[in-house]
Amino acid sequence: MQKEEKPREKRNLIVLTGAATLLAVAVNFAVVALKTHFKNRKIKAVPGSNVRINLSAPEILRLADNIVTHSKKVHDAVASVPLDKVTYANTILPLAELEAQQFPLVQSCAFVKLISVSEDIRKASIEAERRIDAHVSVCSKREDVYRVIKAFTSRGDWISSEVKRFVQSLVQDFERNGLNLTSTKRDELQHLRAQIDEQSMRYIRNLNGDSTFLLFKDVELLGLPPDFFKDLDKAENGKFKVLLKSHHMSPILELCKVGSTRKSVATAYGRRCEVNLSVLEKLVQLRHKLARLLGYSNYAEYAVDCRMANSSAKVFEFLEKISGSLTESASKELSLLKELKRKEEGEIAFGIEDLPYYAKRIKENQCDLDFGVLKQYFPISLVLSGIFKICQDLFGLRFEEMPDAEVWHQDVELYSVFDLSSGELMGYFYLDIYTREGKYGHTCVVPLQNGSWINSARQIPVALLISQLHKRADGNPGLLRFSEVVNLLHEFGHVVHHICNRATFARFSGLRLDPDFLEIPSLLLENWCYESSSLRLISGFHQDITKPIEDEMCKSLKRWRSSFSALKLKQEILYCLFDQIIHSSENVDMIGLLKHLHSKVLLGLPMLEGTNPASCFPRTAIGYEAMCYSRIWSEVFATDIFAMKFRDDLFNQNVGMHFRNKVLGPGGGKEPLEILTDFLGREPSIQAFVDSKSHDSLV
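First, a word on what this report is: a plain description of the structure on this page. (Residues numbered from 1 in each chain as written. Predicted model: local features only at pLDDT ≥ 70, side-chain atom pairs only at ≥ 80, totals over all residues. Heavy atoms only, no water.)

## Some thoughts on the pattern of salt bridges
Opposite charge on two side chains allows them to pair when their charged atoms are near.
So, point 1. Under the counting rule described, the total for this entry stands at 45 salt bridges.
So, point 2. As a salt-bridge pair, Asp551 and Arg536 come within 3.0 Å of each other at their nearest N and O atoms. With Asp551 in helix 22 (residues 551-562) and Arg536 in helix 21 (residues 532-538), the pair connects residues that are 15 residues apart, well separated along the chain.
So, point 3. Its relative accessible area of 39% is what places Asp551 among the partly exposed residues.
So, point 4. Linked by salt bridges that have partners in common, Asp65, Glu127, Arg130 and Arg131 make up one network. (Salt bridge = Lys/Arg side-chain N within 4 Å of Asp/Glu carboxyl O. Helix = DSSP H or I, 4+ residues; strand = E, 2+ residues; numbered from the N terminus. Buried < 20%, exposed > 50% of the residue type's maximum accessible area, 1.4 Å probe, protein only.)

## A look at the environment of Asn450
So, point 1. Note that Asn450 resides in the loop between strand 6 (444-449) and strand 7 (452-454).
So, point 2. Once residues lying within four places of it in the same chain are set aside, the contact partners of Asn450 are Phe103, Gln459, Ile460, Pro461, His498, Ala506, Ser509, Gly510 and Arg512.
So, point 3. Of the polar contacts made by the side chain of Asn450, one reaches the backbone oxygen of Ala506; its length is 3.3 Å. (Contact = heavy atoms within 4.5 Å. Polar contact = N/O pair within 3.5 Å; in protein donor to acceptor, adjacent residues only side chain to side chain.)

## Side note on the side chain of Arg436
So, point 1. Position of Arg436 among the secondary structure elements: in the loop between strand 5 (425-434) and strand 6.
So, point 2. Relative accessible area serves as the criterion here: at 11%, Arg436 is assigned to the buried category.
So, point 3. Sequence-distant contacts of Arg436, defined by excluding residues within four places in its chain, comprise Ile115, Val117, Trp408, His409 and Gln468.

## Some details on the packing of helix 14 (residues 312-345) against helix 15 (residues 355-367)
So, point 1. Packing of helix 14 against helix 15 leaves a shortest axis separation of 10 Å and a crossing angle of 95°. Here helix 14 is positioned roughly perpendicular relative to helix 15, judged by the angle of their axes. Touching Leu336, Leu337, Leu340, Lys341, Glu344 and Glu345 of helix 14 are Leu355, Tyr357, Tyr358, Ala359, Arg361 and Ile362, all from helix 15.
So, point 2. Across the contact of helix 14 with helix 15, the residue classes tally to eight nonpolar, no polar and four charged. (Axes fitted to C-alpha atoms, helices over the stretch in contact; angles between N-to-C directions. Parallel < 35°, antiparallel > 145°, perpendicular 65-115°, else oblique. Nonpolar A, V, L, I, M, F, W, Y, C, P; charged D, E, K, R; others polar.)

## Considerations on unusual backbone geometry
Peptide bonds are, in most cases, trans, and in most cases residues other than glycine have a negative phi.
So, point 1. The backbone of Ser456 sits at a positive phi, close to 65°, despite the residue not being glycine.
So, point 2. Given a relative accessible area of 63%, Ser456 falls into the exposed group.
So, point 3. For Leu603, which is not glycine, the phi torsion reads 55° and is therefore positive.
So, point 4. Counting through the fold element by element, Leu603 comes out in the loop between helix 24 (590-601) and helix 25 (630-646).

## Quick look at the side chain of Asn612
So, point 1. The topology assignment puts Asn612 in the loop between helix 24 and helix 25.
So, point 2. The class of Asn612 is buried, set by a relative accessible area of 7%.
So, point 3. Once you skip the residues sitting within four places of it in the chain, Asn612 turns out to touch Gly270, Leu277, Ile591 and Leu594.

## Overview of the nonpolar core
So, point 1. If you look at the biggest cluster of nonpolar residues, it comprises 158 residues, and the most contacted ones within it are Phe378, Phe429, Phe492, Trp528 and Phe646.
So, point 2. Those residues in contact with Phe492 that lie beyond four places of it in its chain are Ile387, Phe388, Cys391, Phe399, Phe429 and Leu465.
So, point 3. In terms of nonpolar packing, the next biggest core, distinct from the first, is built from 36 residues, Ile132, Met402, Tyr430 and Ile460 among them. (Core = buried A, V, L, I, M, F, W, Y, C linked by side-chain atoms within 4.5 Å.)

Okay, structure coming up:
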């Protein structure tokens with residue numbers, strides 16, 4: 001077990017209680033300007049972390065080669081074990097130890113491409129990852145190792161249920177790579193995978209390469225703010241060029257007062273890359289072939305088999321139930337939207353392209369929310385301190401900054417995480433949240449070292465939270481938009497999940513979990529952004545942080561969240577059904593299917609004439625094929641947990657600790673459904689989610 005080192009000097013505890021929180025934040029603002037220069041820091045080691053940082057480009061490549069060499073040595077040793085001599089110690093344990101030991105080294109090579117300002121280092125990171133991936137691909141096809149592991153499974157010598165699950169996971173990985181097939185079929189499988197990869201990338205290249213634009217006069221873009229026009233080029237005739245990209249399309253559909261402009265933009269956007277229809281059709285055919293080769297009836301069954309949903313039939317049942325339960329609320333929403341359009345534009349038919357504009361209009365009129373004013377209540381430092389406080393009170397954690405630890409940029413901070421009661425060191429996380437050139441452009445969490453507990457030796461988890469937040473002109477932390485606050489708390493939920501995971505095997509630790517389950521804790525935590533008592537912890541007027549956000553504004557935020565959500569969700573369900581149907585049936589008429597689903601799911605709202613959304617739906621081309629349902633699935637069960645366990649007592653630490661131990665702790669060591677059922681005392685339900693969509697509705 002990793003023991004906690006007693007500090008030689010008193011640390012600055014970030015999370016405090018009561019008035020001390022405000023004092024700590026105020027002091028924090030002053031301390032920012034007084035910190036010792038980055039270059040003069042005395043660097044201290046991080047006990048228990050095997051993550052290597054600030055490696056040079058040659059060091060990254062050497063480390064990658066060493067990783068491959070050692071991994072091959074271990075796999076060779078396992079492969080050499082006689083089939084009648086296999087034991088846990090000579091077969092399974094070496095592979096488990098290899099995963100635990102090498103993961104932080106692999107990540108040391110890989111994560112720098114996301115954060116380094118040096119192009120040479122980013123290139124070395126990409127090359128190192130390529131070498132490691134190539135080796136992992138070879139290992140996944142080693143028949144000699146597969147035979148030894150299968151020999152162990154035939155003995156049934158399970159030391160524990162988690163060992164059994166680990167071995168079954170190893171076997172499953174091999175068999176999904178065709179190791180239980182004949183060599184001829186295995187070759188066919190690899191050929192199919194190569195074809196699928198090529199078609200997927202072709203689909204994405206076509207989308208990314210599309211440079212189509214439309215031309216509009218300024219009067220045709222009435223309602224767009226001045227900042228929008230700054231981003232537009234002009235044609236020779238003086239008209240504005242609007243690209244068929246989301247950063248141009250979304251503002252027009254939400255803000256433009258001219259209905260004909262909204263329709264022409266939506267139509268052109270839906271006609272992009274018509275060649276992609278045939279690419280997607282070919283892609284789906286190849287996926288079905290791959291699935292049948294592996295013994296599945298269709299690709300959807302193959303994709304869902306290893307997930308919480310477990311079967312395509314269950315996904316269909318889930319989506320149909322959610323869609324049906326939303327019909328009444330969605331019908332009311334649609335009637336309201338149609339009436340507003342009738343008042344403003346006469347008898348012109350309401351179309352799918354009108355949804356974003358009129359929904360936004362009604363929400364703004366009835367919620368009375370000014371997000372520009374709201375932003376003044378979310379200074380970055382105060383939000384972070386509030387997030388720490390929420391997690392301390394809820395999950396029994398303590399966060400302590402390590403100011404002298406080695407980091408890769410002066411803006412990066414490293415924190416230790418301790419159990420609040422026992423003082424046990426649970427793990428570390430790096431915060432790299434400010435924008436800089438060359439850095440990854442989105443907010444995400446990267447596991448750097450997975451926790452494990454193998455052979456009585458504990459390895460503690462280490463995580464990295466990356467974002468692209470902006471400082472003020474004077475270099476001090478700036479203000480956050482409310483959406484950034486929600487996103488930051490969501491991602492911090494992943495940090496907490498990673499740190500609190502107590503799985504035995506690194507494979508089941510960190511964020512290497514069933515994707516249907518992975519997002520549930522973070523989506524659950526988002527609820528604390530909409531409750532008055534928790535919002536007061538993460539908010540304070542930037543000129544006087546003792547003044548938190550007002551209760552009435554909190555109520556407006558809550559109404560905003562759920563208002564007009566039924567129609568929006570039905571639109572998402574439409575595409576989830578499309579994705580599931582094409583991957584569970586052969587030779588589907590995709591355009592005909594989309595038209596049918598529009599009529600059935602969206603209450604008779606027709607698909608825009610001449611459009612073909614299947615040609616510009618990248619989620620079903622790569623990354624989420626047959627799995628688009630997963631986000632809704634996670635949100636539904638996160639809502640169920642919140643409603644049953646937290647809504648009436650946000651900071652009940654008994655419930656929070658129960659959640660930490662029962663849900664966050666097991667990781668992938670138990671089935672997700674078993675985990676949630678154990679915590680809830682019953683199987684998860686969709687009812688709380690359905691209720692939440694109508695509880696604060698504006699209609």
